[in-house]
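Residue-level listing of the chains:
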Amino acid sequence: MFGVVFPNRSFPMDISSFSQIDTFHWVLDMNTFVGEAYDQVRELCIFLLNSFTLPPDKALAVYIQAPGSAFQFCGAVTLARPSAVLSLAWPDPTGDGQLQLTAADAAPLSAKIGVSVEDLATLPSLDVAAEKKVERLAMKVGENLFNFMQSFCGVDGSKLVVPMDILDRWFKKFQERAKRDPEYLKSFVF
């Protein structure tokens, strides 16, 4: 049906590594896989196996659950997108979840990865990780610009005054740094 790989951490694992809850739900207990270091596992690659045919209006949704929290949606695969590398942003144990497999999962003792067959139309955007990365990137770039501008600001009553060419100067400096240091832009995303 499906397989998963944890990049740099595992060989491909098939559905037999998961516990089947019912016809449409599976769970992988991370304690059996990595012990208490579940939060060090940051990515999961999920893929449909060739022998599995998923209806076009269905998706294989992936959720993560940290100890003490409910499940949180990470992403999904479909026939049109048969594989995906998903970022695992483990939820805060006090957060609210979106999927409850059983009543016994209300207060889990270990981290889990849940997979379920769901209606494609009911799922959030399938590119949740990319959206979060773009949001973090925008926030970090904006913070960088603000800090740069703040160092040149003057005060005129209740207004901040900055030189007219401040955006040009910041952008030039930003571009030069990005050209000199290829890791610089990556530091904004993580």
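Before reading on, note that the structure itself is shown above.
Calculation notes
Residues numbered from 1 in each chain as written. Predicted model: local features only at pLDDT ≥ 70, side-chain atom pairs only at ≥ 80, totals over all residues. Heavy atoms only, no water. Pairing = 2+ DSSP bridges. Helix = DSSP H or I, 4+ residues; strand = E, 2+ residues; numbered from the N terminus. Salt bridge = Lys/Arg side-chain N within 4 Å of Asp/Glu carboxyl O. Buried < 20%, exposed > 50% of the residue type's maximum accessible area, 1.4 Å probe, protein only. Axes fitted to C-alpha atoms, helices over the stretch in contact; angles between N-to-C directions. Expected span 1.5 Å × (residues − 1). Arc of directions from axis to C-beta. Phe/Tyr/Trp six-rings, centres within 6.5 Å; stacked < 30°, edge-to-face > 60°.

Colleague: Whenever I open this one, the sheet that holds strand S1 (residues 2-5) confuses me. Can you help?
Modeller: In a beta sheet, neighbouring strands pair by backbone hydrogen bonds and run either parallel or antiparallel. Pairing is antiparallel across the open sheet formed by four strands, whose spatial order is S2-S1-S5-S8. Because the sheet does not close on itself, it has two edges, and the strands there are strand S2 (13-14) and strand S8 (83-87). In the sheet, S1 pairs with S2 via two bridges, with the strands oriented antiparallel. Opposite glycine 3, over in S2, you have aspartate 14 as the bridge partner.

Colleague: Would you mind showing me how to read the pattern of salt bridges here?
Modeller: Between side chains of opposite charge, a pair can form as their charged atoms come close. Evaluation of the coordinates by the stated rule reveals two salt bridges. Residues lysine 58 and aspartate 119 are paired through a salt bridge, measuring 2.4 Å at the closest nitrogen-oxygen approach. A residue pair is termed long-range when its members are at least 10 positions apart, and lysine 58 in strand S6 (residues 58-65) and aspartate 119 in strand S9 (residues 112-119) qualify at 61 residues. Residue lysine 58 is classed as partly exposed on the basis of its relative accessible area, which comes to 24%.

Colleague: Just to check I follow, could you spell out the sheet that holds S6 for this structure?
Modeller: Overall, antiparallel pairing links the five strands, which are arranged S3-S4-S9-S6-S7 in an open sheet. Edge positions in the open sheet fall to strand S3 (19-22) and strand S7 (72-77), since each of these has one partner strand only. Going from strand to strand, the sheet's axes swing by 25° on average, the running direction of each strand aside. Pairing analysis gives eight bridges linking S6 to S9, with the strands arranged antiparallel. Within S9, the residue paired with alanine 59 across the bridge is glutamate 118.

Colleague: So what exactly am I meant to see when it comes to helix H3 (residues 166-180) here?
Modeller: One full turn of an α-helix is made of 3.6 residues, so residues set three or four places apart face in the same direction. The terminal C-alpha atoms of H3 lie 21 Å apart, and with 15 residues this matches the ideal 21 Å at 1.5 Å per residue to within 8%. By the burial criterion, the buried members of H3 are Ile166, Trp170 and Phe174. Burial along H3 is one-sided: seen end-on, the buried residues are contained in an arc of 60°. Among the exposed residues of H3, those pointing more than 90 degrees away from its buried face are Asp168, Lys172, Lys179 and Arg180.

Colleague: I'm lost on the packing of aromatic side chains in this one. Help?
Modeller: Remark: the centre distance and the inter-plane angle together describe each pair of aromatic rings, the angle taken between the planes. For the structure shown, the criterion picks out eight aromatic pairs. The interplanar angle of 75° and the centroid separation of 5.2 Å between the aromatic rings of phenylalanine 2 and phenylalanine 18 together place this pair among those described as edge-to-face. Within this pair, whereas phenylalanine 2 is found in strand S1, its partner phenylalanine 18 is found in the loop between S2 and S3, the two being separated by 16 residues in sequence. You can call phenylalanine 2 buried: its relative accessible area is 0%. Taking 5.0 Å as the distance between ring centres and 80° as the angle between the ring planes, the aromatic pair formed by tyrosine 38 and tryptophan 90 counts as edge-to-face. Taken together, the residues span a long stretch of sequence, with tyrosine 38 in the loop between helix H1 (30-34) and strand S5 (43-48) and tryptophan 90 in the loop between S8 and S9 at a distance of 52 residues.

Purely spatial values, then, with no claim about function.
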